Amino acid sequence: MSENNFENKLVAVVNKQIDTGVLMNAIAHMCLGFGANKDPSELHIMDYKNKDGFIYPNISKMPFIILREKNSNKIAALLAKAKEHGVQYSVFTNTMTVGTWQDQEERTLLTSNDEMIFYGIVLYGPKDVVTEMTRKLSLWRDSKNEPTDE
């Protein structure tokens, strides 16, 4: 394996209908939870060091691509595909916001998968499988940079 040829791919897909600040929070939660269950070597975690000897710890050498999807249903479909193909994932939904973590846990327990609004999903698996699952998606852009209809 060459230094830039990783066998697995790491991708986040976010719901473009959700506010940017909320999406940043969702990505942080998904990545923190996902990374906690991985061996640092699997995610190619390293420390960067600058000229002055200052260390910037725990950064992955792997590319991490953030894509966008049109709506929650499309992200739910990605979740189903991830399960079907054995791709590892982490998701964040509307039930995981507002109130305490206990409130969020209870709300999640009382909500069916069909009722969830998916804010995003992180996918990690064989490069060819994840690429096929996400090949039609666009890179995420802040809505402030979106073209207008005017």
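The structure under discussion appears in the preceding block.
Residues numbered from 1 in each chain as written. Predicted model: local features only at pLDDT ≥ 70, side-chain atom pairs only at ≥ 80, totals over all residues. Heavy atoms only, no water.

*Asks:* Where do I start with unusual backbone geometry in this structure?
*Replies:* Trans peptide bonds make up most of the peptide bonds, and negative phi angles are found at most residues other than glycine. The backbone of Asn 58 sits at a positive phi, close to 60 degrees, despite the residue not being glycine. In this structure Asn 58 comes out as exposed when scored by relative accessible area, which is 57%. Even without glycine at this site, Val 98 takes up a positive phi of about 70 degrees. Among the secondary structure elements, Val 98 is positioned in the loop between strand E5 (88-93) and helix H3 (101-109). For Val 98, a relative accessible area of 66% puts it in the exposed group. (Buried < 20%, exposed > 50% of the residue type's maximum accessible area, 1.4 Å probe, protein only. Helix = DSSP H or I, 4+ residues; strand = E, 2+ residues; numbered from the N terminus.)

*Asks:* Just checking my understanding: could you explain the environment of Lys 127 for this structure?
*Replies:* Structurally, Lys 127 is set in helix H4 (residues 127-134). When its relative accessible area of 33% is taken as the criterion, Lys 127 is described as partly exposed. Residues Lys 127 and Ala 77 lie 50 residues apart in sequence; the distance between their C-alpha atoms is 19 Å. Residues within four places of Lys 127 in sequence aside, it is in contact with Asn 5, Phe 6, Glu 7, Asn 8 and Lys 9. Only 3.1 Å separates the side chain of Lys 127 from the side chain of Asn 5, close enough to count as a polar contact. (Contact = heavy atoms within 4.5 Å. Polar contact = N/O pair within 3.5 Å; in protein donor to acceptor, adjacent residues only side chain to side chain.)

*Asks:* So what exactly am I meant to see when it comes to the layout of surface pockets here?
*Replies:* A water-sized probe rolled over the atoms picks out the places where empty space is left. Of the pockets and cavities examined, the largest pocket occupies roughly 320 Å³. Forming the walls of the largest pocket are 14 residues, and the residues nearest its centre are Glu 69, Lys 74, Met 133, Lys 136 and Leu 137. If you list the elements that add at least two residues to the lining of the largest pocket, you get strand E4 (64-69), helix H2 (72-85) and H4. If you tally residues by element for the lining of the largest pocket, the top one is H2, at 4 residues. When its residues are assigned to classes, the lining of the largest pocket shows 4 nonpolar, 1 polar and 9 charged. Estimates place the volume of the second largest pocket at around 250 Å³. Together, 14 residues line the second largest pocket, and Cys 31, Gly 35, Leu 43, Ile 45 and Ser 60 are the ones closest to its centre. Looking at the lining of the second largest pocket, the elements that each hand over two or more residues are helix H1 (20-36) and strand E3 (55-60). (1 Å grid on protein atoms, 1.4 Å probe; cavity = no way out; pocket = protein on both sides within 12 Å on 5 of 7 lines; lining within 4 Å. Points joined across faces, edges and corners; volume = space filled by probe spheres on them. Nonpolar A, V, L, I, M, F, W, Y, C, P; charged D, E, K, R; others polar.)

*Asks:* Would you mind showing me how to read the side chain of Thr 95 here?
*Replies:* Mapping Thr 95 onto the fold places it in the loop between E5 and H3. For Thr 95, a relative accessible area of 2% gives the class buried. Excluding residues within four positions of it along the chain, Thr 95 makes contact with Gln 104, Arg 107, Thr 108, Thr 111 and Met 116.

*Asks:* Sorry, what's going on with the sheet that holds strand E7 (residues 138-139) here?
*Replies:* Strand pairing in a sheet relies on backbone hydrogen bonds. The paired strands run either parallel or antiparallel. The strand order across the open sheet built from 5 strands is E5-E6-E1-E4-E7, with neighbouring strands paired in mixed fashion. Each edge of the sheet is formed by a strand with only one pairing partner; in this case those strands are E5 and E7. Where strand E1 (residues 8-15) lies against strand E6 (residues 118-126), 7 bridges are found, and the strand directions are antiparallel. Counterpart to Leu 10 in the pairing with E6 is Tyr 124. Along the sheet face, H1 touches E1, E4, E5 and E6 and points at about 145 degrees away from the line of E5. Strands in contact with H2 are E1, E4, E5 and E6; relative to E6, the strand with the most contacts, it is inclined by about 30 degrees. (Pairing = 2+ DSSP bridges. Axes fitted to C-alpha atoms, helices over the stretch in contact; angles between N-to-C directions.)

Purely geometric numbers; function is a separate question.
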